[in-house]
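For reference, the chains in residue letters:
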Amino acid sequence: MRQIVALGSLKGAAGASTLALALAAAWPLGGEVPPVVVEADASGGDLAVRFGLSDMVGLLALAAGARQGAPEMDLDGCTQAVAGGLRVVVAPTGADQALASVAEVAACPSVLRGDAGSEGTVLLDLGHLGAAASRELARAADRLVLVSRGSADALAHVAARPEWLEGARPELAVVGTCRYSASDIAQALEMDRDQIHLLPWDVRAGNAFAGGARVAEGRWRRSPLARAAFVLARQLAGAGDDAPRGGLCGELAQLGSRALPRQLVGRSGALRSLEKGRTR
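From a predicted model like this one, the values you see are computed outputs, not experimental measurements. (Residues numbered from 1 in each chain as written. Predicted model: local features only at pLDDT ≥ 70, side-chain atom pairs only at ≥ 80, totals over all residues. Heavy atoms only, no water.)

A few words on the pattern of salt bridges. For the coordinates displayed, the defined rule picks out five salt bridges. A salt bridge links Asp142 to Arg113, with the shortest nitrogen-to-oxygen separation between them at 2.9 Å. Here Asp142, found in the loop between helix H6 (132-140) and strand E6 (143-149), pairs with Arg113, found in helix H5 (residues 110-113); they are 29 residues apart in sequence, far enough to count as distant. Given the relative accessible area of 42%, Asp142 is considered partly exposed. Measuring nitrogen to oxygen at the nearest pair gives 2.8 Å for the salt bridge that ties Arg169 to Asp194. Taken together, the residues Arg169 in the loop between helix H7 (152-159) and strand E7 (171-175) and Asp194 in the loop between helix H8 (182-189) and strand E8 (196-199) connect sequence positions 25 residues apart. You can call Arg169 partly exposed: its relative accessible area is 46%. We classify Asp194 as partly exposed; its relative accessible area is 47%. Each member of the salt-bridge network shares a partner with another, and the members are Arg169, Asp192 and Asp194. (Salt bridge = Lys/Arg side-chain N within 4 Å of Asp/Glu carboxyl O. Helix = DSSP H or I, 4+ residues; strand = E, 2+ residues; numbered from the N terminus. Buried < 20%, exposed > 50% of the residue type's maximum accessible area, 1.4 Å probe, protein only.)

Next up, the structure:
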């Protein structure tokens with residue numbers, strides 16, 4: 001069965017969609033099928049417009065399978081390809097259809113996991129975790145990544161996390177400029193240091209994942225966000241240093257120490273050195 005890694009924010013547009021795409025591009029394949037980014041934003045999807053895709057397939061079809069009690073629904077049949085090879089399941093653009101679709105999938109999350117023979121990872125982009133159905137999917141995931149900006153007011157929403165997160169052990173991805181260290185954030189939010197991941201924002205990579213450039217092309221691959229996504233993807237996938245590397249991971253690994261500093265391979269604390277990326 002597929003593993004589910006959910007990404008969502010507790011406040012505003014924190015960059016969950018961009019991070020999900022970056023992780024998909026950097027995911028260590030290790031002989032497995034590439035991950036699928038499932039856009040399950042209850043407020044309406046962006047990826048269809050962003051990449052010129054149809055929103056009549058994707059989450060709508062997946063929700064129809066869930067409604068009909070068809071857990072064997074083929075996720076691949078709901079997937080479209082983004083230029084560059086990323087695989088996405090787009091949410092309907094309209095908020096009403098999106099919320100209904102997310103609710104149907106939340107009632108039958110097995111449509112995401114597939115059957116015993118299904119392989120790979122679903123990167124579940126939940127957007128803002130305000131809807132009850134979004135929170136149900138977050139709880140059903142194998143791993144939950146809360147995405148936040150690095151300002152004090154943004155992090156305060158994580159500190160005041162709602163009751164439904166009690167007992168959960170989410171990761172926290174802080175995207176963009178942040179004047180606090182990972183250790184400071186962990187202490188303030190009463191989280192463990194290994195739950196905190198600092199990722200830079202840079203215009204080059206952001207433009208690629210916003211549909212402004214082909215994901216397969218461009219120098220964004222050498223950008224700080226791409227390097228940081230490589231590290232976080234390996235941690236979420238549980239890949240060791242000796243795990244086979246495919247796709248973007250393999251390419252980054254071949255760029256040498258200049259593109260992938262040695263300190264990045266070991267632990268996420270090294271991501272602080274990448275905070276030089278510009279914010280939007």
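Between its first and last C-alpha, helix H10 (residues 224-237) extends 20 Å over 14 residues, near the 20 Å set by a 1.5 Å rise per residue. The element H10 is extensively covered by neighbouring structure, given that 11 of its 14 residues are classed as buried. Here H10 has its buried residues at Leu225, Ala226, Arg227, Ala228, Ala229, Phe230, Val231, Leu232, Ala233, Arg234 and Leu236. Of the residues one or two after H10, Gly238 is the one with positive phi, at around 70°. (Expected span 1.5 Å × (residues − 1).)

The axes of two packed helices give the description: the angle between them and the distance between them. Two elements in contact, helix H3 (residues 59-67) and helix H4 (residues 95-107), have axes separated by 8 Å at closest approach and are oriented at 45°. In terms of orientation, H3 lies oblique with respect to H4. The element H3 and its partner H4 pack so that their crossing is left-handed. Where H3 abuts H4, its residues Leu59, Leu60, Leu62, Ala63, Ala66 and Arg67 lie against Gln97, Ser101, Val102, Glu104 and Val105. Class assignment for the residues of the contact of H3 with H4 results in seven nonpolar, two polar and two charged. (Axes fitted to C-alpha atoms, helices over the stretch in contact; angles between N-to-C directions. Parallel < 35°, antiparallel > 145°, perpendicular 65-115°, else oblique. Left-handed = near helix turned anticlockwise from the far one by under 90°. Contact = heavy atoms within 4.5 Å. Nonpolar A, V, L, I, M, F, W, Y, C, P; charged D, E, K, R; others polar.)

Before going further, it helps to examine the packing of aromatic side chains. Across all of its chains, the model carries zero aromatic pairs by this definition. The ring of Trp201 carries Arg149 above its face, with NZ or CZ at 5.6 Å from the centroid. (Phe/Tyr/Trp six-rings, centres within 6.5 Å; stacked < 30°, edge-to-face > 60°. Lys NZ or Arg CZ within 6 Å of the ring centre and 35° of its normal.)

Moving on, we get to the confidence of the model for the protein. With 76% of its residues at a pLDDT of at least 70, the protein reaches an overall mean of 79. Ignoring residues within four places in sequence, the model shows residues 240-280, a span with pLDDT below 50, making 75 contacts including any to other chains. (pLDDT = per-residue confidence, 0-100.)

This part takes up the sheet that holds strand E3 (residues 80-81). Pairing is mixed in the open sheet, where eight strands are placed in the order E3-E4-E2-E5-E1-E6-E7-E8. One side of each edge strand has no neighbouring strand; the edge strands of this open sheet are E3 and E8. Bridging between E3 and strand E4 (residues 87-89) involves two bridges; their strand directions are antiparallel. Each bridged residue has a counterpart across the sheet, and for Ala81 the counterpart in E4 is Arg87. Along the sheet face, helix H1 (residues 16-26) touches strand E1 (3-9), strand E2 (36-39), E4, strand E5 (121-128), E6, E7 and E8 and points at about 165° away from the line of E5. (Pairing = 2+ DSSP bridges.)

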